[in-house]
Amino acid sequence: MPEAGYTPIPKKLARQGVKDMLRISDGRMSGTASGAVVLHVAPEAAVGGPLAVVRDGDEIELDVNSRSLQLCIPESELQQRQEEWKRNNAKGKSRKRPQRGYRQLYHDRVMQADTGADFDFLRACGAE
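Thresholds applied
- Residues numbered from 1 in each chain as written.
- Predicted model: local features only at pLDDT ≥ 70, side-chain atom pairs only at ≥ 80, totals over all residues.
- Heavy atoms only, no water.
- Helix = DSSP H or I, 4+ residues; strand = E, 2+ residues; numbered from the N terminus.
- Buried < 20%, exposed > 50% of the residue type's maximum accessible area, 1.4 Å probe, protein only.
- Contact = heavy atoms within 4.5 Å.
- Areas by Shrake-Rupley, 256 points an atom, 1.4 Å probe, with all protein chains shown as cover.
- Core = buried A, V, L, I, M, F, W, Y, C linked by side-chain atoms within 4.5 Å.
- Pairing = 2+ DSSP bridges.
- Patch = residues over 30% accessible without salt bridge, like charges linked within 9 Å, V, L, I, M, F, W, Y side chains within 5 Å.
- Salt bridge = Lys/Arg side-chain N within 4 Å of Asp/Glu carboxyl O.
- Phe/Tyr/Trp six-rings, centres within 6.5 Å; stacked < 30°, edge-to-face > 60°.

## So, the overall build of the protein chain
(1) Moving on: Scanning the protein chain for helices and strands turns up three helices and four strands.
(2) Moving on: Ordered by position from N to C terminus, the α and β elements of the protein chain give α-β-β-β-β-α-α.
(3) Moving on: Relative to its 128 residues, the protein chain shows a buried fraction of 17%.
(4) Moving on: Relative to all contacts within the protein chain whose residues are 6 or more apart in sequence, the contacts with residues 24 or more apart total 33%.
(5) Moving on: A total accessible area of about 9,600 Å² is found for the protein chain, and carbon and sulfur atoms account for 49% of it.

So, in structure tokens, the structure goes:
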């Protein structure tokens, strides 16, 4: 899984004295990142996972013991936002599928982080 970046405390909050806050990402950060971070959230935003439809003011509940992360909006609102996301991100609309090479292979065949972020054809026979 490629390194996605470092998510620092926003400058506006740092100026107010905020030293740490929970950062949530569907990507990967290096071991040099510090603070409260939840990574490898799946399904990722790029495929329409819940992170794609978070809006300012939404509450997100993290339960570390049960390994659960929940966008706290009604199921009907989540479905409505995801449908809107699908309409706005239909194939060919904002991101074109690569036509050849490694980028196409990666786009078509790499699994989500929770299943290994690896090519699907490299899984052991019978692995689910």
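And the narrative resumes.
## A look at the nonpolar core
(1) Moving on: Ranked by size, the top nonpolar core spans five residues in total: Val53, Leu71, Ile73, Leu78 and Trp85.
(2) Moving on: With sequence-adjacent residues up to four places away left out, leucine 71 is seen in contact with Pro50, Val53, Val54, Asp58, Glu59, Ile60 and Leu78.

## With respect to the pairing of strand S3 (residues 60-63)
(1) Moving on: Two strands pair when backbone bridges link them, and S3 and strand S4 (residues 68-71) are joined in this way by four bridges, in the antiparallel orientation. Residue pairing for S4: leucine 62 is matched across the bridge by leucine 69.
(2) Moving on: Between S3 and S4, which pair antiparallel and follow one another directly, the connecting turn spans four residues, one of which, arginine 67, has a positive phi of 55°.

## Notes on a nonpolar patch on the surface
(1) Moving on: Residues Leu22, Val54, Ile60, Leu62, Val64 and Leu69 make up a contiguous nonpolar surface patch of roughly 430 Å² in combined accessible area.
(2) Moving on: With respect to the helices, strands and loops of the structure, leucine 22 is situated in the loop between helix H1 (11-15) and strand S1 (23-24).
(3) Moving on: Note on leucine 22: relative accessible area 37%, which makes it partly exposed.

## Quick notes on the environment of histidine 40
(1) Moving on: Considering the arrangement of structural elements, one finds histidine 40 in the loop between strand S2 (37-38) and S3.
(2) Moving on: Separated by 73 residues in the primary sequence, histidine 40 and alanine 113 place their C-alpha atoms 5.4 Å from one another.

## Observations regarding the pattern of salt bridges
(1) Moving on: Taken as a whole and assessed by the stated rule, the structure comprises seven salt bridges.
(2) Moving on: The partner of arginine 23 in a salt bridge is aspartate 20, and the shortest N-O contact between them spans 3.3 Å.
(3) Moving on: In this structure aspartate 20 comes out as partly exposed when scored by relative accessible area, which is 40%.
(4) Moving on: Ionic pairing is found between arginine 55 and glutamate 77, a salt bridge with its closest N-O pair at 3.7 Å. With arginine 55 in the loop between S2 and S3 and glutamate 77 in helix H2 (residues 75-88), the pair connects residues that are 22 residues apart, well separated along the chain.
(5) Moving on: Residue classification places glutamate 77 among the partly exposed positions, given a relative accessible area of 22%.
(6) Moving on: Three or more residues are tied together by salt bridges with common partners; here these are Arg55, Asp58, Glu77, Arg81 and Glu84.

## Things to note about the packing of aromatic side chains
(1) Moving on: The full count for this structure, using the stated rule, is three aromatic pairs.
(2) Moving on: Residues tyrosine 102 and phenylalanine 119 carry aromatic rings whose centres are separated by 6.1 Å and whose planes lie at 85° to one another, so their mutual orientation is edge-to-face. Residue tyrosine 102 is found in helix H3 (residues 101-109), and its partner phenylalanine 119 is found in the segment after H3; the two are separated by 17 residues along the sequence.
(3) Moving on: Classification of phenylalanine 119 by relative accessible area gives buried; the value is 13%.

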